[in-house]
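A structural walkthrough
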Amino acid sequence: MQFIGREISVKLPLEFSLEKKPPVPETFDWQGTTHSIVEMLANWHRYGKPEIRTQGGRPPYFVRSGRTQGSWGQGRVYYRVRTEEGRLFDLYYDRAPKGQRRTGAWFLWRELSAEEEFVGLEEDP
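To keep things clear, this report deals only with the structure shown in the data block. The structure displayed is predicted, hence computed values, not measured ones.

**Details of the packing of aromatic side chains**
One pass over the full model with this rule turns up 8 aromatic pairs. Ring geometry for Trp 30 and Phe 89: centres 6.0 Å apart, planes at 75°, overall edge-to-face. Here Trp 30 is found in strand β2 (residues 27-30), whereas its partner Phe 89 is found in strand β5 (residues 88-94), with 59 residues between them in sequence. Measuring from ring centre to ring centre gives 5.2 Å for Tyr 78 and Tyr 92, while their planes differ by 45°; the resulting arrangement is tilted. Of the two residues, Tyr 78 sits in strand β4 (residues 76-83) while Tyr 92 sits in strand β5, which places them 14 residues apart along the sequence. Comparing Tyr 78 with Tyr 92, the two get one shared label, buried. By the ring-pair criterion, three or more aromatic residues cluster together here, those being Trp 44, Tyr 78, Tyr 92, Phe 107 and Trp 109. Over the ring of Trp 109 we find Arg 110, and its NZ or CZ is 3.8 Å from the ring centre.

Here is what the cut-offs are and how they apply
- Residues numbered from 1 in each chain as written.
- Predicted model: local features only at pLDDT ≥ 70, side-chain atom pairs only at ≥ 80, totals over all residues.
- Heavy atoms only, no water.
- Phe/Tyr/Trp six-rings, centres within 6.5 Å; stacked < 30°, edge-to-face > 60°.
- Helix = DSSP H or I, 4+ residues; strand = E, 2+ residues; numbered from the N terminus.
- Buried < 20%, exposed > 50% of the residue type's maximum accessible area, 1.4 Å probe, protein only.
- Lys NZ or Arg CZ within 6 Å of the ring centre and 35° of its normal.

Written as structure tokens, this is what we have:
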């Protein structure tokens, strides 16, 4: 497994409509190369900000509901994909607004070996 952690640009399907839950990209650009995605192997999400706690140790209601439903600007949507070259990558869409943009950004999280295809899906990034 190779950690990358870089912001990338992606091409999304034309019928894409929900910024909050984007579909798997068709392509992504990294290191001057466009990688075509041919298969989505898995997807998962992490919503909310678990570091927010009240004095009783329990997160406030808006945080608890945000973990399952998602709140504007919170959370990430992850995709494990296979590219046309047969490489495996984990990418994610970070829903937090960046600077003056009201939208989030896409990141290339890591590249995996063929043996790691089903490893780490339950991990918290």
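The rest of the description comes next.
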